[in-house]
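Survey of secondary and tertiary structure
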Amino acid sequence: MDYSWTPEQDELYAGILRFARENLNATTLERDRTRRFGEEEWKKCAGFGLAGLCIPRESGGLGLDCLSTARALEALGRGCSDGGLGFSLSAHLFACAVPVHLHGSPDQKERYLARLASGEWIGANAITESEAGSDAFALKARARKEGDGYVISGEKSFVTNAPVARLFLVYASTAPENGFLGISAFLVERDTPGLKAGRPMETTGLTTSPISSLYLDDCRVPASALLGREGAGGSIFKDSMGWERSCLFAFWLGALERQLEETVDHAKSRRQFGHPIGSNQAVSHRIADMKLRLEAARLLLYRACWERAAGHPSELAASLAKLAVSEAFVASSLDAVQIFGGSGVMQEIGIERYLRDALPGTIYSGTSEMQRELIARALGLPPRRP
Ligand SMILES: Cc1cc2nc3c(=O)[nH]c(=O)nc-3n(C[C@H](O)[C@H](O)[C@H](O)COP(=O)(O)OP(=O)(O)OC[C@H]3O[C@@H](n4cnc5c(N)ncnc54)[C@H](O)[C@@H]3O)c2cc1C
C-alpha cells in the first residue's frame, strides 16, 4: 500500500492552501454575522479553477480525478475559514456540474459545463421536499409531458445556492406509478417562467451559503432540459450523492486540520495555575482524540475517493467516509470549544463557528442515521419490513 501523493498533487495542495490563506479570509467574520454570500471570494475561487476541479479540461475544468479533487478541497478547507463558501462551491460542483458532465447530452454540455466550471454560473440541486427528506424518492413534484417539452410543478426545500444559482438540477416524477424508476432529472435555468426561489433561510452554521425553497409553478421546459433519459433521475441523484459523500467532506477534513492546529497552539500557549493548559491530561487527551478522529476519517475518505478514481466506487465506502468526517467534525468542534474556554464561544475568535458549521453536516447528503442504514444493508442486515 502506497500512501504518498504525486509531486503534482503536492503542488496542487500547497498552491490552493496558499491561495486560500491569502485571499479568502479577510471578511469571513463580518459575512458570517451578516449572513452574506462571498461573491468576490466565489469569483476568486472560480478564477483559481475551484468551481470545476473534476470537470474535464476540454469543458473548462481542471480535469482532476476524484482523489486529487478531494485533496484540492482538503487544502481549501484548511486554508479558508469560510465554511459556507466551501459548502456552496462543493454543492455546485458535485450535485450540479458533475451530473451534467456525466449524464449530459453534447448540447447540454456545450451550453452549461464551461459556464459551471468557470463559476460564471452557479449550480444547485433540488430534490428534497417538505414530505420527502430522508425518503427523497417519495417526492411529489411532477413533470408531465406536454407538446415538445415538460411542465414541472412542485415545491422543493433546503436548496443550497438557490438564491444565487443560475442553473437548477430539479428532480420530478414523470411516472409516479414507477416510484424510483419514474423519477427524472431536469436542467432548469433561473429565468424560466414559473420557477421562483424563496426567501433565504437562516441556518445554524454555513451562514454564508445561501439556501432557500424553490417553487415550480407550471414551469415549462423544452424536451432538451431532460438530463439523461426519462426515469434515470433516481440513479443520477444516487450517483451525485456518491460524489458528495466521498469528496465534499474533504473540505471539512481540511477544516478539522486547521482546528487541530489552532487548538494545539492554544493548549501550548494558554497558561493557568502556572502551566500550559495542554500539560493537563484532561486537555491533552481531548487533543489526542481530535487527532485520532481526523486521521481515521481521512483514511476512510481517501479510500472512498481512491475507489471512485479507480473506477469501482462503492456506496459503502462513501457512507463510511461521510459518516466519519461529519461526526468527527461535531465531536472535535465540541472539544475545541471546551479547550478554548470562554474564548471558545466568542464569535470573533472563530472556534464556535466550527461547531455551527459542523452541525448541518450530519444531516445534508443523507443523515447519519441513513448512512448507518446503508452500511447495515451493505453488511447484509435485513431491511425493515413495510
Ligand atoms: C445545510 C443543508 C443543505 C441542504 N442542501 C440541500 C440541497 O442543496 N438540495 C436538496 O435537495 N436538499 C438539501 N438539503 C436537505 C437534506 O438533504 C435533508 O435535510 C436530509 O436529507 C434530511 O431530510 P429531513 O431534513 O427532511 O429530515 P427527516 O428525513 O425528516 O429526518 C428526521 C430524522 O429522522 C431520521 N430518520 C428518517 N428516516 C429514518 C430511517 N429510515 N431510519 C432511521 N432514522 C430515520 C433522520 O435520520 C433524522 O434524524 C440540505 C439540508 C441542509 C441541512
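**Remarks on the overall build of the chain**
Looking only at helices and strands, the chain features twelve helices and ten strands. In summary, the chain has a C-alpha radius of gyration of 21 Å against a globular reference of 21 Å for 386 residues, a match within 12%. Taken over the C-alpha atoms alone, the chain extends approximately 80 × 50 × 40 Å along its principal axes. Burial status across the chain gives 49% buried among its 386 residues. Long-range pairs, those at least 24 residues apart, make up 74% of the contacts in the chain with a sequence separation of at least 6.

**Some words on the pairing of strand β3 (residues 149-160)**
One face of the sheet, then the other: side chains in a regular strand alternate in exactly this way. The pairing of strand β2 (residues 142-146) with β3 spans five bridges and is classified as antiparallel. The partner of K145 across the bridge, within β3, is Y150. Counted between consecutive antiparallel strands, the loop separating β2 from β3 contains two residues, among which G147 sits at a positive phi close to 60°. In the sheet, β3 pairs with strand β7 (residues 211-222) via nine bridges, with the strands oriented antiparallel. Its bridge partner lying in β7, I152 is registered against C219.

**Notes on helix α8 (residues 250-269)**
The end-to-end C-alpha distance of α8, which contains 20 residues, comes to 29 Å, matching closely the 28 Å that a straight helix rising 1.5 Å per residue would cover. All of the buried residues along α8 are A250, F251, W252, L253, G254, A255, L256, Q259, T263 and H266.

**Notes on the site of the ligand**
Residues in contact with the ligand amount to 21 residues; listed here are only the nearest, G133, S134, T160, T367 and E369. Among the secondary structure elements, those contributing two or more residues to the shell around the ligand are β1 (123-126), β3 and α12 (368-378). Of the residues belonging to the shell around the ligand, the class tally is eleven nonpolar, eight polar and two charged.

**A look at the environment of G344**
Positionally, G344 belongs in the loop between α10 (315-340) and α11 (351-358). Given 21 C-beta atoms within a 10 Å radius, G344 is considered buried. Here the alpha-carbon distance between G344 and A358, two residues 14 residues apart in the chain, equals 15 Å. In contact with G344, not counting residues within four places along its chain, are A336, V337, Q338, I351 and E352.

**Section: the packing of α8 against α10**
For the pair α8 and α10, the least separation of the axes is 10 Å and the interaxial angle reads 20°. Relative to α10, the element α8 is oriented roughly parallel. For the pair α8 and α10, the crossing hand works out as left-handed. For the pair α8 and α10, contact is made by W252, L253, L256, Q259, T263, H266 and A267 and by V325, A328, F329, S332, S333, A336, I339 and F340, respectively. In terms of residue class, the contact of α8 with α10 is built from ten nonpolar, five polar and no charged.

Procedures and definitions
- Residues numbered from 1 in each chain as written.
- Predicted model: local features only at pLDDT ≥ 70, side-chain atom pairs only at ≥ 80, totals over all residues.
- Helix = DSSP H or I, 4+ residues; strand = E, 2+ residues; numbered from the N terminus.
- Rg over C-alpha atoms; globule rule 2.2 N^0.38 Å.
- Buried ≥ 20, exposed ≤ 12 C-beta atoms within 10 Å, placed from the backbone.
- Contact = placed C-beta atoms within 7 Å.
- Pairing = 2+ DSSP bridges.
- Expected span 1.5 Å × (residues − 1).
- Near = placed C-beta within 6 Å.
- Nonpolar A, V, L, I, M, F, W, Y, C, P; charged D, E, K, R; others polar.
- Axes fitted to C-alpha atoms, helices over the stretch in contact; angles between N-to-C directions.
- Parallel < 35°, antiparallel > 145°, perpendicular 65-115°, else oblique.
- Left-handed = near helix turned anticlockwise from the far one by under 90°.

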